[in-house]
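Here is what each chain is made of, one letter per residue.
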Amino acid sequence: MDNTTWLTNHTGEFDFILLGLFSQSKHPTLLCVIIFVLFLMALSGNGILILLIHSNAHLHTPMYFFISQLSLMDVMYISVTVPKMLMDQVTGIKKISVPECGIQMFLYATIVGSEFFLLAAMAYDRYMAICHPLRYPVLMNHRICVLLASGCWFLGSVDGFMLTPITMTFPFCRSREIHHFFCEVPAIMKLSCSDTSVVETLMYLCCVLMLLIPVTVISSSYSFILLAIHRMNSAEGRKKAFTTCSSHMAVVTLFYGAAIYTYMIPSSYHTPEKDMIVSFFYTILTPVLNPLIYSLRNKDVIGTAKKLFNTRNPMDNTTWLTNHTGGFDFILLGLFSQSEHPTLLCVVIFLIFLMALSGNSILIILIQSNAHLHTPMYFFISQLSLMDVMYISVTVPKMLMDQVVGIKNISVPECGIQMFLYLTLVGSEFFLLAAMAYDRYMAICHPLRYPILMNHKICLLLASGCWFLGSVDGFMLTPITMTFPFCRSREIHHFFCEVPAIMKLSCSDTSLIETLMYLCCVLMLLIPVTVISSSYSFILLTIYRMKSAEGRKKAFTTCSSHMTVVTLFYGAAIYTYMIPSSYHTPEKDMVVSFFYTILTPVLNPLIYSLRNKDVMGALKKMFNVGTAFQETIK
């Protein structure tokens, strides 16, 4: 790869170099082992805490619901940084590409931002429990808690969407060496060769707001809590209140202290060594300490741990997550209950799943590794493949596992998470297909200005916008759907938690929500369809005017693949979300969902590879010339 590419970003090279913690250590192997052990402790500690809270009815309260969310965030954000760092040390390759760096930065900023607000929500919960104990079950019901948690995730994603595009679109010409062990905003900003003072000021103000709101909520909550504790006559009550609050305050102090140093103290006071130590503290140590803080000092958690290992069935009582159904879980009837040969169908779906994963993964690797495919069109195709891998993974593994083990239950939180992820990914794909049509319009109708009009910054912003708008769809529909009372039945006539299938179980009037959902889907489809139809109208007009037969053929080839995918995806989505429910049957819904949930991710890489000479050429090169491939990925 001696030539500059679309991803060069003014550096003359493709990758950043993460110098990491190990370059500063006299005993890098020992440090690597210690970090690996800490990583396993964080995963197991938080994983066990989530399992304990999920499995015991006595822990199905708002406080433990928020603790489980905190553990989930800790698992996710330690997984964003540590595996890459350890792998770099083991393999000796410390490079990270610009897109990978951007993704890592976005995920990290999103999860850390979400944790800022979650700690505030936890403080508010303690205030309600101590200061308003009689009204606590009403004021902090399941619906309120889900909305608070969803709000935390949403605000965190806003932080990621704000900081990542701004940071990653700067020209980096000073050095490619990042004096850090992951792509953190301040470390990346130091590499820019342009004036970043305005952006640093904006980042400072953004962080002030991101900290000011949670800190205000936390300080206000604990002011009222301390006042309420002071007025308590019972010594036992005071002790219990202090115990529940002290754990939370310990976590707040650890997390906010390190974050304030990193993001709010002027860069002139920072050194790379100090930054890495502080980041190590709240990125690696905090996820290890949190489960210890919330378990070793908590009798309920310790009691549940003992009960889990000593008894067989800890879930005999009703729980906080019952949701008026009289049971814990929904039951996914699935595809297999309709089939005369469920085992054969299970094997077929498993093979299709493997084909989708391998096909899309190979396409992503080809695009990433071959310099000739580093263009906007293939960048968007790689994003499409990533979405396909993710959203087939949201539904199929659960369905197959249910068939194998014979358990078709899905809990209310699991159902909500599956619904949110699915809506986010499908919504993102709606807009991505529109962005791809716009890209083809620019390439065919404005070929001379195409490299400028569709530069890396524009493409990154378009892709980020698609992901953001998809997440908005998820955040809008999931909380509304999951907070309805479900009293008709717990049986979902579907193989995953899709909004229309869940709405049928509600015992309240859903006509207004169905109308709102219809209008939402109209907008979600109207904007992309307008962009696609407009783009292809101009494209067809331009092709008609072309004098070259070869040019016409090439234009039709690149556009026909995209139009095939658009037709498959949008057709099924319009049937599912826009045709009135009176025209639906469970069997038809499952067949249509099977088509665009399972078959489309398999077909997409075939459509974009078998009819594409560039991709086929890259594939042959990968299998036939091993040494050339190794040179390409360096």
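Residues numbered from 1 in each chain as written. Predicted model: local features only at pLDDT ≥ 70, side-chain atom pairs only at ≥ 80, totals over all residues. Heavy atoms only, no water.

Draft legend 1. Highlighting helix 12 (residues 376-405). For helix 12, spanning 30 residues, the distance from its first C-alpha to its last is 44 Å, which sits close to the expected 44 Å at 1.5 Å a residue. Of all 30 residues making up helix 12, 21 are buried, and the element is well covered by its neighbours. Just downstream of helix 12, glycine 406 is the residue with a positive phi angle, here 80 degrees. (Helix = DSSP H or I, 4+ residues; strand = E, 2+ residues; numbered from the N terminus. Expected span 1.5 Å × (residues − 1). Buried < 20%, exposed > 50% of the residue type's maximum accessible area, 1.4 Å probe, protein only.)

Draft legend 2. How the structure looks around a nonpolar patch on the surface. A cluster of nonpolar side chains, contributed by Val347, Phe350, Leu351 and Leu354, occupies part of the molecular surface with about 340 Å² of accessible area. The residue leucine 351 is located in helix 11 (residues 342-369) in this model. What makes leucine 351 partly exposed here is its relative accessible area of 46%. (Patch = residues over 30% accessible without salt bridge, like charges linked within 9 Å, V, L, I, M, F, W, Y side chains within 5 Å. Areas by Shrake-Rupley, 256 points an atom, 1.4 Å probe, with all protein chains shown as cover. Salt bridge = Lys/Arg side-chain N within 4 Å of Asp/Glu carboxyl O.)

Draft legend 3. Broad picture of the state of the cysteines. Summed over all chains, the structure comprises two disulfides. There is a disulfide in this structure between cysteine 101 and cysteine 183, and the S-S distance comes to 2.1 Å. Looking down the S-S bond of the cysteine 101 and cysteine 183 bridge, the torsion is -125 degrees, so its handedness is left-handed. Of the two residues, cysteine 101 is situated in helix 3 (residues 98-131) and cysteine 183 in the loop between strand 3 (177-178) and helix 6 (185-189); the sequence distance between them amounts to 82 residues. On the basis of relative accessibility, which here comes to 0%, the residue cysteine 101 falls in the buried class. (Disulfide = S-S within 2.5 Å.)

Draft legend 4. Examining the packing of helix 12 against helix 13 (residues 412-445) more closely. The interhelical angle for the contact between helix 12 and helix 13, taken along N-to-C directions, is 160 degrees, at an axis separation of 10 Å. One finds that helix 12 runs roughly antiparallel with respect to helix 13. With respect to the hand of their crossing, helix 12 and helix 13 are arranged in left-handed fashion. (Axes fitted to C-alpha atoms, helices over the stretch in contact; angles between N-to-C directions. Parallel < 35°, antiparallel > 145°, perpendicular 65-115°, else oblique. Left-handed = near helix turned anticlockwise from the far one by under 90°.)

Draft legend 5. Here's a closer look at the pairing of strand 1 (residues 15-18). When strand 1 meets strand 2 (residues 95-97), the two strands line up antiparallel, connected through three bridges. The partner of phenylalanine 16 across the bridge, within strand 2, is isoleucine 96. With two bridges connecting them, strand 1 and strand 3 associate as parallel partners. Counted as the bridge partner of isoleucine 17 is glutamate 177 from strand 3. (Pairing = 2+ DSSP bridges.)

Draft legend 6. Fine view of helix 15 (residues 456-482). An ideal rise of 1.5 Å per residue puts 39 Å on 27 residues; helix 15 measures up with 39 Å between its terminal C-alpha atoms. Between a side-chain oxygen at the N-terminus of helix 15 and the backbone nitrogen of lysine 457 the separation is 3.1 Å; the capping residue is asparagine 455. (Polar contact = N/O pair within 3.5 Å; in protein donor to acceptor, adjacent residues only side chain to side chain.)

Draft legend 7. The arrangement of the pairing of strand 4 (residues 329-332) in detail. Neither face of strand 4 is exposed, since Asp329 and Ile331 on one face and Phe330 and Leu332 on the opposite face are all buried. Here three bridges tie strand 4 to strand 5 (residues 409-411), and the two strands are oriented antiparallel to one another. Bridging across to strand 5, phenylalanine 330 finds its partner in isoleucine 410. The pairing of strand 4 with strand 6 (residues 491-492) spans two bridges and is parallel.

Draft legend 8. Up close: the sheet that holds strand 3. The strand order across the open sheet formed by three strands is 2-1-3, and the pairing between neighbours is mixed. The open sheet has two free edges, formed respectively by strand 2 and strand 3, since each of these has just one partner strand. The sheet contacts of helix 3 involve strand 1 and strand 2, and relative to strand 2 the element is tilted by about 85 degrees. (Contact = heavy atoms within 4.5 Å.)

Draft legend 9. Geometry of the nonpolar core. Ile349, Phe430, Leu433 and Ile598 are the most contacted members of the largest nonpolar core, which has 74 residues in total. Excluding its chain neighbours within four sequence positions, the residues that come into contact with phenylalanine 430 are Met524, Leu525, Pro528, Phe569, Tyr570 and Ala573. Ranked by size, the runner-up nonpolar core spans 62 residues in total, among them Leu59, Ile111, Ile225 and Phe475. (Core = buried A, V, L, I, M, F, W, Y, C linked by side-chain atoms within 4.5 Å.)

Draft legend 10. Geometry of the packing of aromatic side chains. All told, the structure shown has 15 aromatic pairs when counted by the stated rule. Seen from their ring centres, phenylalanine 161 and phenylalanine 468 are 5.0 Å apart, and the 75 degrees between their planes marks the pair as edge-to-face. Of this pair, phenylalanine 161 sits in helix 5 (residues 142-168) while phenylalanine 468 is found in helix 15, placing the two residues 307 residues apart along the sequence. With relative accessibility at 17%, the residue phenylalanine 161 sits in the buried group. Looking at phenylalanine 468, the relative accessible area reads 28%, which means it is partly exposed. Among the aromatic residues, those joined into a ring-pair cluster are Tyr391, Tyr422, Phe495 and Phe496. (Phe/Tyr/Trp six-rings, centres within 6.5 Å; stacked < 30°, edge-to-face > 60°.)

Draft legend 11. Region of interest: the pattern of salt bridges. According to the stated counting rule, one finds four salt bridges in the structure shown. One salt bridge in this structure joins aspartate 439 and arginine 440, with 3.0 Å as the shortest N-O distance. By relative accessible area, which is 1% here, aspartate 439 ends up buried. You can call arginine 440 buried: its relative accessible area is 8%.

Draft legend 12. Expanded view of the confidence of the model for the protein. In the predicted model, the protein carries a mean pLDDT of 77, and the fraction of residues at 70 or more is 80%. When pLDDT is averaged over each element of the protein, helix 4 (residues 136-139) comes out on top at 90 and helix 21 (residues 626-633) at the bottom at 41. Predicted confidence for residues 1-13 stays below pLDDT 50, and this span has 33 contacts to residues more than four positions away or in other chains. Low pLDDT, under 50, characterises residues 625-634; the stretch is placed with 11 contacts to residues that sit more than four places away or in other chains. (pLDDT = per-residue confidence, 0-100.)

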